[in-house]
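# Summary of the model geometry
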Amino acid sequence: KPSDTALFSSMLTRFARSNRVWSIIRATPAFRTMAAADTHDHLRSQSVRFGVAKTPEEKFQLMTRNLQEVLGEEKLKQLLEQGKDVKVYWGTATTGRPHVAYFVPMSKLADFLRAGCEVTVLFADLHAYLDNMKAPWALLEERVKYYEAIVKGMLESIGVPLDKLKFVKGTDYQLSRQYTLDVYRMTSVVTEHDAKKAGAEVVKQVQHPLLSGLLYPGLQALDEEYLKVDAQFGGVDQRKIFTYAEKYLPSLGYKKRIHLMNPMVPGLTGTKMSASDPDSKIDMLDPPDVVKRKLKKVTAV
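Presented here is a report on the structure given in the accompanying data block.

Cut-off values and rules
Residues numbered from 1 in each chain as written. Predicted model: local features only at pLDDT ≥ 70, side-chain atom pairs only at ≥ 80, totals over all residues. Heavy atoms only, no water. Salt bridge = Lys/Arg side-chain N within 4 Å of Asp/Glu carboxyl O. Helix = DSSP H or I, 4+ residues; strand = E, 2+ residues; numbered from the N terminus. Buried < 20%, exposed > 50% of the residue type's maximum accessible area, 1.4 Å probe, protein only. Pairing = 2+ DSSP bridges. Right-handed = clockwise from strand over helix to strand, strands pointing away. Phe/Tyr/Trp six-rings, centres within 6.5 Å; stacked < 30°, edge-to-face > 60°. Lys NZ or Arg CZ within 6 Å of the ring centre and 35° of its normal.

### Observations concerning the pattern of salt bridges
One pass over the structure, following the stated rule, counts 18 salt bridges. In this structure, arginine 97 and aspartate 283 form a salt bridge, with 3.1 Å as the shortest nitrogen-oxygen distance. Of this pair, arginine 97 sits in the loop between strand E2 (87-93) and helix H7 (103-114) while aspartate 283 sits in the loop between strand E6 (258-262) and helix H14 (288-296), placing them 186 residues apart in sequence. Take aspartate 283: its relative accessible area is 2%, and that puts it in the buried class.

Set out below in structure tokens:
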């Protein structure tokens, strides 16, 4: 269990620059989109030059480049025109070991910082437990420590200064009295149909779903309010949860947020690359023989 973030940073930099991994990343639609703007240079360098964008137009271009979709584009432009430092959060449920596709959102966090945004990274431990108990409660604390070490190492390996980021653990505030009350308030206005639909692309789907999976989208929506952000950033697989939040947060008296979505990196088995599915991903700590074995089983897309 390495605890030295600098060690992770050095290791991940070498990992990201290896020819084998680059051949995988370059083959994905997400990377081809990024390559058009030369953002892959960020991933191949140990330092990113953070020239901060000055005009609202420059900031908007940085914040939205290489995204697949933006919900609330006009509101984002308005905030930037007002000279506000936009507050953005990106969350990851600690369900399994992170993989190479995490470099896509990491490089986007770098863009947000260059645009002068205040960025929060949420380690969503409670969400991980609710997602069909992929992460047993007894392991959550250790999972969070592992995720924090890996994510910080990835960010440092592409030159993102950690002093410009805020790291938060979900259970630091999601077990509070007010948050719990808002969860109950949410259940009084949300239909079972909408809750199930919102989590369709994110929560593991089974024939007889647990109630916990129906709560998951509501918690993610409430995170926007409790983290006091203007925007949430995530993969396009989160879109149904984002529209769920836009529909139901105003019902509780909270404002609708901006939503920024990056393309998904396809997994080795044909679906998205998933931290909780070992066969779908190239793990950060996979040894060469495991990488070779996985590549031989890759499903052509």
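### Considering the pairing of E6
Of all five residues in E6, five are buried, a share of seventy percent or more. Because side chains alternate across E6, one face comprises the buried residues Ile258, Leu260 and Asn262, and the other comprises His259 and Met261, equally buried. Bridge count between strand E1 (residues 69-71) and E6: three bridges; the pairing is antiparallel. Across the sheet, the residue bridging to valine 70 is leucine 260, located in E6. Of the strand pairs in this sheet, strand E5 (residues 231-235) and E6 are connected by five bridges, and their pairing is parallel. Directly across from glycine 234, in E6, lies its bridge partner methionine 261. After leaving E5, the chain enters helix H13 (residues 239-248) and then returns to the sheet as E6, a path that is right-handed.

### Description of the packing of aromatic side chains
Taken as a whole, this structure holds eight aromatic pairs when the rule is applied. Both rings, one in tryptophan 90 and one in tyrosine 102, keep their centres 6.1 Å apart while their planes meet at 85°; by these two values the pair is edge-to-face. Remark: tyrosine 102 occurs in the loop between E2 and H7 and tryptophan 90 occurs in strand E2; sequence separation between them is 12 residues. Over the aromatic face of phenylalanine 60 sits the side chain of lysine 77, whose NZ or CZ is 5.1 Å from the ring centroid. Directly above the aromatic system of phenylalanine 167 lies the positively charged group of lysine 152, at a separation of 5.0 Å from the ring centroid.

All quantities given are derived from atomic positions and should not be read as evidence of function.
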